[in-house]
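# What the coordinates show
These are the residues of each chain, in order.
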Amino acid sequence: MAPSLFENVINWIRTGYPDGVPAADYPPLFALLQPVLTESEITDIVLKLAVEYGTENPATPERIQEAIHAVTEQAPSSDEMHQVASRLAAAGWPLALEVPATD
């Protein structure tokens, strides 16, 4: 991933979640990032955030990949997607995100 894109995504997430991303928001965040970033790029972003926010349960690439795969098996609800998309949009997220209107 280009350093500027990586840092921009990190900064949008930091701005939208100054106290860290709650566990419940990771699945919709993964789902919103998937059309734009590769699984490897998403894993890198989550690892960087986990280190910064000092999560109680340290993230590993394997655990992140399991979470990404869980999202692909069962998508988050449209309400969850809208909540996360709104939070990122308020932080200046410039990407056009397709969020389903209904579940």
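Residues numbered from 1 in each chain as written. Predicted model: local features only at pLDDT ≥ 70, side-chain atom pairs only at ≥ 80, totals over all residues. Heavy atoms only, no water.

This paragraph deals with the overall build of the protein chain. Across its full length, the protein chain holds 5 helices and 0 strands. The order of α-helices and β-strands along the protein chain, N terminus first, is α-α-α-α-α. Taking contacts inside the protein chain between residues at least 6 apart in sequence as the whole, the part at least 24 apart equals 71%. Within the structure as shown, the protein chain displays about 5,900 Å² of accessible surface, and the carbon and sulfur contribution to it stands at 52%. (Helix = DSSP H or I, 4+ residues; strand = E, 2+ residues; numbered from the N terminus. Contact = heavy atoms within 4.5 Å. Areas by Shrake-Rupley, 256 points an atom, 1.4 Å probe, with all protein chains shown as cover.)

In total, this model carries 1 aromatic pair according to the counting rule given. Ring geometry for Tyr26 against Phe30: centres 5.7 Å apart, planes inclined by 40 degrees, an arrangement best described as tilted. Of this pair, Tyr26 and Phe30 both sit in helix α2 (residues 26-33), 4 residues apart, which is roughly one turn of the helix. Given a relative accessible area of 15%, Tyr26 falls into the buried group. (Phe/Tyr/Trp six-rings, centres within 6.5 Å; stacked < 30°, edge-to-face > 60°. Buried < 20%, exposed > 50% of the residue type's maximum accessible area, 1.4 Å probe, protein only.)

Over its 15 residues, helix α3 (residues 39-53) extends 21 Å from the first C-alpha to the last, a length consistent with the 21 Å expected when each residue adds 1.5 Å. Within α3, the full set of buried residues consists of Glu41, Ile42, Thr43, Ile45, Val46, Leu49 and Ala50. (Expected span 1.5 Å × (residues − 1).)

We now examine the environment of Leu5. As for its placement among the helices and strands, Leu5 is situated in helix α1 (residues 3-16). Exposure remark for Leu5: the relative accessible area of 31% places this residue in the partly exposed category. Leu5 sits 32 residues away from Leu37 along the chain, and the two C-alpha atoms are 9.8 Å apart.

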